[in-house]
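# Report on the structure
Listed below, chain by chain, are the residues.
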Amino acid sequence: MMRFVISGILVLMAAVMGVIAFQWYQMRFATTAYGAPFTLIDQKAQPITEAAFRGQPSAVFFGFTSCPEVCPTTLFEMDGWLKQLGDEGKDIRAYFVTVDPERDTAEIMDRYLGNVSDRITGITGEPDKVLAMAKSFGIFSRKVDLEGGDYTMDHTASVLLLDGSGDFFGTIAYEENSETALAKLKRLAAKG
């Protein structure tokens with residue numbers, strides 16, 4: 001009789017451990033969208049939400065149009081990488097989210113991106129909403145005052161890679177080796 005009780009307790013403990021392990025695995029590996037929900041506008045002044053980052057892989061860069069070096073370099077590189085990928089990267093969507101919405105209106109973003117790429121969609125909006133969106137994606141940004149009343153922006157300079165479910169897939173660092181960046185984008189495209 002005692003053997004049955006001990007066996008029953010062991011079976012019950014194994015079942016409980018199995019449930020705990022399954023819940024941990026589900027929480028650890030379930031695909032959940034990265035960042036928080038947002039409602040902003042694109043460079044055509046059309047509403048855009050986090051749904052834009054679902055259904056296809058995305059490359060998202062946060063910057064500003066008055067940036068002297070990092071932002072234009074990164075955007076031109078992104079456009080070049082996407083062109084190099086050709087059909088292999090046709091499903092990757094690229095986004096440029098401003099960290100300076102006070103200056104970067106939809107009209108300014110549209111003009112700026114028109115000189116860079118037809119594959120990159122600009123995102124802007126009300127400053128507090130843009131800041132909240134950037135923060136939810138783990139993006140650092142800070143206004144830095146310059147002489148004469150002007151300012152610049154310090155910000156995270158990596159491209160975020162999101163898979164088709166909007167989950168974080170990786171990053172491409174500023175001035176990362178082009179071959180490495182292309183390899184990451186190919187893996188992203190393959191995952192979808």
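Anyway, here's the lowdown on the structure attached to this text. (Residues numbered from 1 in each chain as written. Predicted model: local features only at pLDDT ≥ 70, side-chain atom pairs only at ≥ 80, totals over all residues. Heavy atoms only, no water.)

### Concerning the side chain of Glu176
Our working definition: Secondary structure follows DSSP: runs of H or I at least 4 residues long count as helices, runs of E at least 2 residues long count as strands, and numbering of each begins at the N terminus. For every residue, the accessible area obtained with a 1.4 Å probe (protein chains only) is divided by the maximum for its type, and the residue is called buried under 20%, exposed over 50%, and partly exposed between those limits. Side-chain atoms alone can form a polar contact between residues adjacent in sequence; in general such a contact is a pair of N or O atoms within 3.5 Å, and within protein one must be able to donate a hydrogen while the other accepts it. In this analysis, two residues are considered to be in contact whenever any of their non-hydrogen atoms come within 4.5 Å of each other.
With respect to the helices and strands, Glu176 occurs in the loop between strand S9 (168–172) and helix H5 (178–191). Given a relative accessible area of 16%, Glu176 falls into the buried group. A distance of 2.9 Å separates the side chain of Glu176 from the side chain of Lys184, its partner in a polar contact. Non-local contacts of Glu176, meaning those with residues more than four positions away in its chain, are made with Thr171, Ala181 and Lys184.

### Overview of the environment of Val130
Residue placement: Val130 occurs in helix H4 (residues 127–136). You can call Val130 buried: its relative accessible area is 2%. Taking the C-alpha atoms as reference points, Val130 and Val99, separated by 31 residues in sequence, lie 7.1 Å from one another.

### Some remarks on the packing of aromatic side chains
Geometrically, a pair of aromatic rings is defined through the distance of the ring centres and the angle of the planes. For the record, the criterion: Two rings belonging to Phe, Tyr or Trp (six-membered ring only in the last case) form a pair when the distance between their centres is within 6.5 Å. Interplanar angles under 30 degrees mark stacking, angles over 60 mark edge-to-face geometry, and anything in between is tilted.
Per the stated rule, a full pass over the model turns up 8 aromatic pairs. Taken together, a centroid distance of 5.0 Å and an interplanar angle of 70° make the contact between Phe53 and Tyr95 edge-to-face. Taken together, the residues span a long stretch of sequence, with Phe53 in the loop between strand S2 (47–49) and strand S3 (58–63) and Tyr95 in strand S4 (residues 93–98) at a distance of 42 residues. Measuring from centroid to centroid gives 6.0 Å for Phe61 and Phe96, while their planes differ by 10°, and the two rings are stacked. Taken together, the residues span a long stretch of sequence, with Phe61 in strand S3 and Phe96 in strand S4 at a distance of 35 residues. Here Phe96 falls in the buried class, since its relative accessible area comes to 0%. Members of the aromatic cluster, joined through ring pairs, are Tyr34, Phe38, Phe53, Phe62, Tyr95, Phe137 and Phe168.

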